[in-house]
Structure formats: structure tokens, C-alpha cells
Amino acid sequence: MRLTILFIAAIAAAALSCSKPPARIREFPLTGTVVSVKADRTEVTVTHDEVKGFMDAMTMPFAVKDPSQVAAIRAGDVIAATLILTDEASYLTDIRRTGTALAPLSGGSPAPPR
């Protein structure tokens, strides 16, 4: 009996030590200009401004969990969104069109958004 209790206690301790802590979620506001939207609407490439406290301004793809949020978004649209970061993933949510970028300047560089 005593051996059984010790065995159960050991299994419980092992199970607790293997369990993952809850995913840490961080949120950052993101603004930028859409370069492209993937055909299945699960990813957008954005030339974004600095994400304060996280990353410099750059152009990069972002996952989109809810494709309906980008149903009306097109290349050239200026957006505001929330960048969600967890231990396992990152994605955009609360995506809103806030304007349209100006036509590209000569040399192919995009003009600043309005």
C-alpha cells in the first residue's frame, strides 16, 4: 500500500513537472502599408513602422488568424492592427484600413502614407 502511494505521488510529480506554463501573450500596436495579401487571406506582407519596444520598421509577412479581417484589404492600403505574440506564434488581429498610400515615388520607393 505504501509503495503504491509513493508510486502515485512520483507519477503526479512527474506530470506536474512536464506541464507547460500558460502561454505568455504580448500585444503591440502596428501601423503600416500593405504590400500584398496572400490569396487564402492567412498572411499579409506589411511595410510597417517601428513597433515600439519590440522591432524596428521593416517589411515582413504577418500571419492572420481570421481571414475575414483582411477580406477588404488590398495592396496599398494603410492599416492599423494589433500584433499578438505568444510563446508559440505571432499574428495580426483587429486589422483596420486607415487610408491609402500615395503612388510610389520614382525609383520604386513608396511614398509616405497619408
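First, a word on what this report is: a plain description of the structure on this page.

What counts and what doesn't
Residues numbered from 1 in each chain as written. Predicted model: local features only at pLDDT ≥ 70, side-chain atom pairs only at ≥ 80, totals over all residues. Heavy atoms only, no water. Helix = DSSP H or I, 4+ residues; strand = E, 2+ residues; numbered from the N terminus. Buried < 20%, exposed > 50% of the residue type's maximum accessible area, 1.4 Å probe, protein only. Contact = heavy atoms within 4.5 Å. Pairing = 2+ DSSP bridges. Axes fitted to C-alpha atoms, helices over the stretch in contact; angles between N-to-C directions.

**Description of the side chain of Thr45**
- Counting through the fold element by element, Thr45 comes out in strand 2 (residues 43-48).
- Under the relative-accessibility criterion, Thr45 is labelled buried at 17%.
- When sequence neighbours within four positions are dropped, the list of residues in contact with Thr45 reads Thr33, Val34, Val35, Ser36, Thr59, Met60 and Pro61.

**Looking at the sheet that holds strand 5 (residues 90-100)**
- Reading across the sheet, the five strands line up as 3-2-1-4-5 and stay open at both edges, with antiparallel pairing between neighbours. Here the strands that pair on one side only, and so sit at the sheet edges, are strand 3 (58-63) and strand 5. The average undirected angle you get between the axes of adjacent strands in this sheet is 40 degrees.
- Sheet analysis places strand 2 next to strand 3, joined by six bridges and oriented antiparallel. If you follow Thr45 over to strand 3, its bridge partner there is Pro61.

**As for unusual backbone geometry**
- The phi dihedral of Arg41 is positive, around 60 degrees, even though this residue is not glycine.
- Secondary-structure assignment places Arg41 in the loop between strand 1 (26-37) and strand 2.
- Phi is positive for Asp94, close to 50 degrees, though the residue is something other than glycine.

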